[in-house]
Amino acid sequence: MCSSLFRENGIQAGDIVSIQFTVTQDLDALNPAAALRRSDCGMDISSCALFCAAEPCVKGSLQHVIRILVTAYLEQGTILKHIYQNGAEILRPDFVPQK
């Protein structure tokens, strides 16, 4: 997911100030920041500040969700591309390109 987010928005490691992850409570096998550091996301993110937090537990909310907030320097006027995958598209259908 991070690779897609970075690629689709033209984000390079030097652009990133920090990345904040939130996860639903059912995801407890691996911290997403640790997963990103171990991954081959196509760039060296070793100097990026990464934070993780738990999503609030709300009855009826979608499970198995990781949200990512990237704070980065981009060119003024850049049109952001939001990435929703694996069923999370229902959270913001207005951000999902129509096929």
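Report on the accompanying structure. Predicted model, so just to flag it, every value in this text is computed and none were measured.

Space inside the largest pocket adds up to approximately 960 Å³. Considering the residues around the largest pocket, the lining is formed by 38 residues, among which Met1, Ile66, Arg67, Ile68 and Ile83 are closest to the centre. Looking at the lining of the largest pocket, the element that brings in the most residues is strand β3 (residues 66-72), giving 6 residues. Counted by class, the lining of the largest pocket contains 25 nonpolar, 10 polar and 3 charged residues.

In this section: the nonpolar core. Among the nonpolar cores identified, the biggest contains 13 residues, and Phe6, Ile16, Ile19, Phe21, Leu36, Ile45 and Leu50 are the most heavily contacted of them. Of all elements in the fold, only α1 (2-9), β1 (16-23) and α2 (32-38) reach the threshold of two or more residues within this core. The greatest single-element share of this core, amounting to 3 residues, is contributed by β1.

Glancing now at the side chain of asparagine 9. Mapping asparagine 9 onto the fold places it in helix α1. Judged by its relative accessible area of 9%, asparagine 9 is buried. A distance of 3.0 Å separates a polar atom in the side chain of asparagine 9 from the backbone oxygen of leucine 5.

Moving on: unusual backbone geometry. Trans peptide bonds make up the majority, and among non-glycine residues the majority have a negative phi. Notably, histidine 64 is not glycine yet its phi reads approximately 60°, a positive angle. Counting through the fold element by element, histidine 64 comes out in the loop between β2 (49-54) and β3. The class of histidine 64 is exposed, set by a relative accessible area of 60%. Unusually for a residue other than glycine, asparagine 86 sits at a positive phi of about 55°. Considering the arrangement of structural elements, one finds asparagine 86 in the segment after β3.

Cut-offs and rules
- Residues numbered from 1 in each chain as written.
- Predicted model: local features only at pLDDT ≥ 70, side-chain atom pairs only at ≥ 80, totals over all residues.
- Heavy atoms only, no water.
- 1 Å grid on protein atoms, 1.4 Å probe; cavity = no way out; pocket = protein on both sides within 12 Å on 5 of 7 lines; lining within 4 Å.
- Points joined across faces, edges and corners; volume = space filled by probe spheres on them.
- Helix = DSSP H or I, 4+ residues; strand = E, 2+ residues; numbered from the N terminus.
- Nonpolar A, V, L, I, M, F, W, Y, C, P; charged D, E, K, R; others polar.
- Core = buried A, V, L, I, M, F, W, Y, C linked by side-chain atoms within 4.5 Å.
- Buried < 20%, exposed > 50% of the residue type's maximum accessible area, 1.4 Å probe, protein only.
- Polar contact = N/O pair within 3.5 Å; in protein donor to acceptor, adjacent residues only side chain to side chain.

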